[in-house]
Amino acid sequence: MRNFTIILSITLVFSCIFIPDEPQKPDGGKFIDLLNLNEILYGTLADFSSFRNYREIFEENDEFFIDANQKSYSSQRFISRLNVITKDATIECRWTTTQSGDELVSMDGTTTRLRARNFRITSQNFSNEITGEVRITVRKTETSGWQITRWEEMDENYSYFHPDFGGNFGN
């Protein structure tokens with residue numbers, strides 16, 4: 001019994017010491033969503049407006065981002081790319097869907113694969129507008145609200161959001 005008490009005490013001490021880090025807040029402590037990800041679910045009554053940074057909105061997953069060649073990348077790699085993109089303080093992104101009809105988003109926690117979403121990115125740092133098409137899967141969670149669980153490129157080329165080949169000017 002004494003050994004059990006010692007092991008339990010040591011476990012409790014170590015569990016208090018090794019608490020996972022909270023996501024870092026952006027510079028200045030205020031998060032600004034330059035990529036307008038709340039527009040992804042526009043019109044579905046789903047809302048991303050309460051998230052505090054990009055880490056919250058994406059499910060942690062090793063096969064999160066699927067490129068045009070069906071190669072997968074982790075959500076952490078994708079978030080790293082978003083952080084690079086949003087270093088451009090003049091960037092603006094708009095989301096639309098070209099497909100018509102009602103789109104029902106599940107409110108019970110099951111994933112919903114949305115219709116294709118088109119994006120248009122502009123910036124003072126490049127002359128041409130960058131466009132592309134993605135298909136996004138979302139899920140409502142009890143703890144963090146809405147999360148994107150999968151991001152798939154729809155074009156035959158790599159998009160501006162690609163973790164390795166997004167480049168400075170898209171395709």
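That block above? That's the structure.
Because the structure is a prediction, the values reported are computed rather than measured.

Asks: Please clarify how the pattern of salt bridges should be interpreted in this entry.
Replies: Close approach of charged atoms allows side chains with opposite charge to pair. Tallied over the full model, the rule gives six salt bridges. Here Arg77 and Asp164 are joined by a salt bridge, their closest N and O atoms 2.3 Å apart. Of the two residues, Arg77 is situated in helix 3 (residues 75-85) and Asp164 in the segment after strand 7 (145-153); the sequence distance between them amounts to 87 residues. On the accessibility criterion, Asp164 (39% relative accessible area) is partly exposed. Three or more residues are tied together by salt bridges with common partners; here these are Arg113, Arg150 and Glu152.

Asks: Looking at this model, I keep getting lost on the pairing of strand 5 (residues 117-123). Mind explaining?
Replies: In terms of burial, strand 5 is largely enclosed, as five of its seven residues are buried. When strand 3 (residues 92-96) meets strand 5, the two strands line up antiparallel, connected through five bridges. Paired with Trp95 across the bridge in strand 5 is Phe119. Pairing between strand 5 and strand 6 (residues 126-141): six bridges, direction antiparallel. Each residue of the ladder has a partner; that of Ile121, found in strand 6, is Ile130. Linking strand 5 to strand 6, which pair antiparallel, is a turn of two residues.

Asks: Teacher, can you tell me more about helix 3 here?
Replies: Along an α-helix, residues three or four apart share an orientation, since each turn contains 3.6 residues. Within the sequence span of helix 3, burial applies to Ser75, Phe78, Ile79, Arg81, Leu82 and Ile85. Looking straight down helix 3, one finds that the buried residues subtend no more than 155° of arc, so they occupy a single side. Where helix 3 is buried, its residues touch helix 2 (54-57), strand 1 (65-66), strand 2 (72-73) and strand 7.

Quick notes on the rules
Residues numbered from 1 in each chain as written. Predicted model: local features only at pLDDT ≥ 70, side-chain atom pairs only at ≥ 80, totals over all residues. Heavy atoms only, no water. Salt bridge = Lys/Arg side-chain N within 4 Å of Asp/Glu carboxyl O. Helix = DSSP H or I, 4+ residues; strand = E, 2+ residues; numbered from the N terminus. Buried < 20%, exposed > 50% of the residue type's maximum accessible area, 1.4 Å probe, protein only. Pairing = 2+ DSSP bridges. Arc of directions from axis to C-beta. Contact = heavy atoms within 4.5 Å.

Everything listed here is a matter of coordinates, which is why it stays silent on function.
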